[in-house]
Amino acid sequence: MGSLFEVIEAEEAEVRGRVEQLEVQLVELSERLGAERERLSRLVITRETVVEPLARMTGDSAVDESVSSAGDGSPFAGAERQVVGVLSVPKWQPGMETSALPRVYQDILEIVDDAPGPVRAKQVVPRIGLPVENGKIEVTRSKLKRLVVRGWLDETTPGLFTPSRARRTHSSNSP
């Protein structure tokens, strides 16, 4: 009968080892879960904190509702929204100065405004102090297109950028 007890003791030791490993994993997972819950809490607070100024910046009360409700239901609810975080390039409105834009966008607008005609991203890149490389040209082109979408520039034909007609009209009518 001694061999039966040996088998049971061996199996008991094996199971005890697995239990100890699982307990270690449980502690690790509990710590990770706590850290992720803390991060989630901070993100929720950040979103709630940003909603009001973002709505004021864009003049869009729908932002307030869509960003506030993003935490409800699915974690992917509202993922199709274009606004994620702070809007660095606000939509142009009459009376708005270029000082409302980040410095690089101000520089780009100044270059486009001073140009005798439409400009390409490739022409803007060296004037804002970047090397003329494909990556820098593409990043600048995306900034130019963002300025178009937000009403600061017009894209007369694909790849050619000019000051927006609305901005020119408004500034020429200003006293």
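Structure first, text after, so check above.
Not measured: the values here are computed from a predicted model.

Draft legend 1. The arrangement of the overall build of the protein in detail. Tallying secondary structure elements over the protein gives six helices and two strands in all. When the helices and strands of the protein are read in sequence order from the N terminus, they spell out α-α-α-α-α-β-β-α. Buried positions account for 23% of the 175 residues belonging to the protein. The long-range share in the protein, meaning contacts at least 24 apart out of those at least 6 apart in sequence, stands at 45%.

Draft legend 2. Molecular detail of the nonpolar core. By size, the foremost hydrophobic cluster in this structure holds 20 residues, and its most contacted members are Leu101, Ile108, Val124, Leu144, Leu147, Trp152 and Leu153. Breaking this core down by element, the ones donating at least two residues are helix 3 (103–114), helix 4 (121–127) and helix 5 (134–149). In terms of residue count, the dominant contributor to this core is helix 3 (five residues). Not counting the four nearest positions on each side in its chain, isoleucine 108 is found in contact with Val124, Ile128, Thr140, Lys143, Leu144 and Leu147.

Draft legend 3. Structural detail: the pairing of strand 2 (residues 160–163). Sheet topology places strand 1 (residues 153–157) next to strand 2; four bridges connect them, and they run antiparallel. Residue pairing for strand 2: aspartate 154 is matched across the bridge by threonine 162. Taken together, strand 1 and the strand that follows it, strand 2, pair antiparallel across an intervening segment of two residues, in which glycine 159 is found at a positive phi of about 90°.

Draft legend 4. Representation of helix 5 in the model. For helix 5, which comprises 16 residues, the first-to-last C-alpha distance of 22 Å matches the rise-based estimate of 22 Å (1.5 Å per residue) to within 8%. Those residues of helix 5 that are buried lie in contact with helix 3, helix 4, strand 1 and strand 2. Once helix 5 ends, the next one or two residues include glycine 151, with phi positive near 90°.

Draft legend 5. Looking closely at helix 3. With twelve residues, helix 3 extends 17 Å between its outermost C-alpha atoms, agreeing within 8% with the 16 Å of an ideal straight helix rising 1.5 Å per residue. For helix 3, the complete set of buried residues consists of Tyr105, Gln106, Ile108, Leu109, Ile111 and Val112.

Draft legend 6. Local environment of the pattern of salt bridges. Enumeration over the complete set of coordinates arrives at eight salt bridges. Between glutamate 14 and arginine 18 there is a salt bridge whose closest N-O contact spans 2.9 Å. Residue glutamate 14 and its partner arginine 18 are located together in helix 1 (residues 2–58), separated by four residues, close to a single helical turn. The class for arginine 18 is partly exposed, based on a relative accessible area of 41%. Arginine 165 serves as the salt-bridge partner of aspartate 154, at 3.5 Å between the closest nitrogen and oxygen. Taken together, the positions of aspartate 154 in strand 1 and arginine 165 in helix 6 (residues 165–173) put the pair eleven residues apart, joining distant regions of the chain. Judged by its relative accessible area of 16%, aspartate 154 falls in the buried class. On the accessibility criterion, arginine 165 (53% relative accessible area) is exposed.

Calculation notes
- Residues numbered from 1 in each chain as written.
- Predicted model: local features only at pLDDT ≥ 70, side-chain atom pairs only at ≥ 80, totals over all residues.
- Heavy atoms only, no water.
- Helix = DSSP H or I, 4+ residues; strand = E, 2+ residues; numbered from the N terminus.
- Buried < 20%, exposed > 50% of the residue type's maximum accessible area, 1.4 Å probe, protein only.
- Contact = heavy atoms within 4.5 Å.
- Core = buried A, V, L, I, M, F, W, Y, C linked by side-chain atoms within 4.5 Å.
- Pairing = 2+ DSSP bridges.
- Expected span 1.5 Å × (residues − 1).
- Salt bridge = Lys/Arg side-chain N within 4 Å of Asp/Glu carboxyl O.

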